[in-house]
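# Observations on the three-dimensional arrangement
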Amino acid sequence: MTTIRGCNLPEDLYYLVEKHVWAKPMGNGVVRVGITAVAGKLSGGKLAAITVKAKNIGQEVKQAKSIATVESSKFVGPVPAPISGVLLRANEKLAADPNLAVSDPYGEGWVAEMQATDWDGEKAALVTGAEGVAAYQAKLEADNISC
Amino acid sequence: MADTKVFIIMTSGPDTPRRCATPFFFASLGAAMEYDVTMFFTIDGTLLLKKGLAETVYPKEGGKPVSAFIQDALDAGVKFLACTASTELHNLQPSDLIDGVKMVGGASMWQLTEECDTVLTF
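Just so you know, these numbers come straight off a predicted model, no measurement behind them.

### Thoughts on the overall build of chain A
Regarding its fold elements, chain A presents 5 helices and 11 strands. Here the C-alpha atoms of chain A give a radius of gyration of 14 Å, agreeing with the 15 Å that 2.2 N^0.38 yields for 147 residues. Its C-alpha atoms put chain A at 35 × 35 × 20 Å along the principal axes. Out of the 147 residues belonging to chain A, those deemed buried represent 45%. Relative to all contacts within chain A whose residues are 6 or more apart in sequence, the contacts with residues 24 or more apart total 65%.

Printed below as a string of structure tokens:
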């Protein structure tokens, strides 16, 4: 576990830093995606809902386009797709407890799974490992964000 | 889904603060869902676009002012249109309104609602 400015940012994930989302290859081109601890902080910490757009299940969503929405009393915003892919399924546990995405963002609180359509081409836009966490740290410092 | 068009007609104004947050919240949410969202302000809704006014309207005591909900919607990419006739009703000039608002006549409202998939009225 790597903690940067109070934010838990594991090195084994791929981050789309600008959008505060992560991706994790699960095998056979399936990629699990979710929001980072930073996104949880920015949304105010207590969520009212995370809703994956049902119409998008089975459809291709392009990188950085919205796959879900986050609602809190302070904030409403998209969960952008870290990669392009066909949206396979939503994490149904979030319907009962959206705050799993804040309390356990990289575990039980994942948002959706996608079948990547261009993982090899698009992963260059993501950051990972120690370098990735360093790049995320630079973003947090530039924007003066702490968790 | 970027082609799905949503049109929100906002008639509520500073006399009914509790009716002035949700329309902007829904608009921001629609934009976050990749809908193409337009808000059309008429009757008292137009008053919320008067410079400095929305900062003084609080839907919930101790909560955010309407201006914060407006800013969230603009940041999310929601388009704002104001009805010219309603500005006359309130003796407002186009320059009295916040930046980012386009003035249109009532006929535009008819055309836009026809083009949209969903119309909400508040």
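### Concerning the interface of chain A and chain B
At the interface, 9 residues of chain A touch 8 residues of chain B. Among the elements of the structure, β8 (66-72) and β9 (76-80) of chain A are those that each provide at least two residues to the side of chain A that touches chain B. Residues that form the side of chain A that touches chain B fall into these classes: 2 nonpolar, 3 polar and 4 charged.

### Thoughts on the nonpolar core
Among the nonpolar cores identified, the biggest contains 42 residues, and V33, V111 and A112 of chain A are the most heavily contacted of them. Counting 35 residues, the second-largest nonpolar core is a separate cluster that includes M10, C20, L48 and V57 of chain B.

### Looking at helix α1 (residues 22-32) of chain B
Of all 11 residues in α1 of chain B, 8 are buried; the element is thus mostly enclosed. For α1 of chain B, the full list of buried residues reads P23, F24, A27, S28, L29, G30, A31 and A32 of chain B. Its buried side turned inward, α1 of chain B meets β8 and β9 of chain A together with β1 (5-10), β2 (36-41) and α2 (66-76) of chain B.

### Side note on the sheet that holds β1 of chain B
Strand pairing in a sheet relies on backbone hydrogen bonds. The paired strands run either parallel or antiparallel. All names here are of chain B. Pairing in this open sheet of 5 strands is parallel, and the strands run β4-β3-β2-β1-β5 from one edge to the other. Sheet topology places β4 (101-104) and β5 (118-121) at the edges, where each strand pairs with a single neighbour. When the angles between neighbouring strand axes are averaged without regard to direction, this sheet yields 25°. Where β1 lies against β5, 4 bridges are found, and the strand directions are parallel. Looking at β5, one finds that I8 is bridged to L120. Each of β1, β2 and β5 is contacted by α1, which is oriented at about 170° to β1, the strand it contacts most.

### Describing helix α5 (residues 129-143) of chain A
Residue and element names in this part refer to chain A. For α5, which comprises 15 residues, the first-to-last C-alpha distance of 21 Å matches the rise-based estimate of 21 Å (1.5 Å per residue) to within 8%. Among all positions of α5, only G132, V133 and Y136 are buried. All buried residues of α5 project into a common sector of 95° when viewed along the axis, lining one side. Residues A130, E131, A138, E141 and A142 are exposed on α5 and point more than 90 degrees away from its buried face. On the buried face of α5, the contacting elements are β1 (3-4) and β3 (14-16).

The rules behind these values
- In this numbering scheme, every chain counts its residues from 1 along its sequence in written order.
- Whichever chain is written first becomes A and whichever ligand is written first becomes 1, with later ones labelled in order.
- Owing to the predicted nature of the model, reporting of local features is limited to residues with pLDDT of at least 70; listing and counting of side-chain atom pairs is limited to 80 or more, with chain, interface and lining totals taken over all residues.
- By definition, any uninterrupted DSSP run of H or I lasting at least four residues is a helix, any uninterrupted run of E lasting at least two residues is a strand, and each is numbered from the N terminus.
- Within these notes, the globule rule equals 2.2 Å times the number of residues to the 0.38 power, and the radius of gyration is based on C-alpha atoms.
- Using C-beta atoms placed from the backbone, we call a residue buried if 20 or more other C-beta atoms fall within 10 Å of its own, exposed if 12 or fewer do, and partly exposed for counts in between.
- Think of it this way: build a C-beta for each residue from its backbone, and any pair within 7 Å is a contact.
- Charged residues are taken to be Asp, Glu, Lys and Arg, nonpolar residues to be Ala, Val, Leu, Ile, Met, Phe, Trp, Tyr, Cys and Pro, and polar residues to be all remaining types, Gly included.
- A set of buried Ala, Val, Leu, Ile, Met, Phe, Trp, Tyr and Cys residues, joined through C-beta atoms within 7 Å, is what we mean by a nonpolar core.
- What makes two strands pair is DSSP finding at least two bridges between them.
- Axis geometry follows a simple rule: fit a line to the C-alpha atoms, using only the stretch in contact for helices, then measure angles between N-to-C directions, giving values from 0 to 180 degrees.
- Expected span of a helix, by definition, is 1.5 Å for each gap between consecutive residues, and there is one gap fewer than residues.
- It is the directions from the helix axis to the C-beta atoms whose arc is reported.

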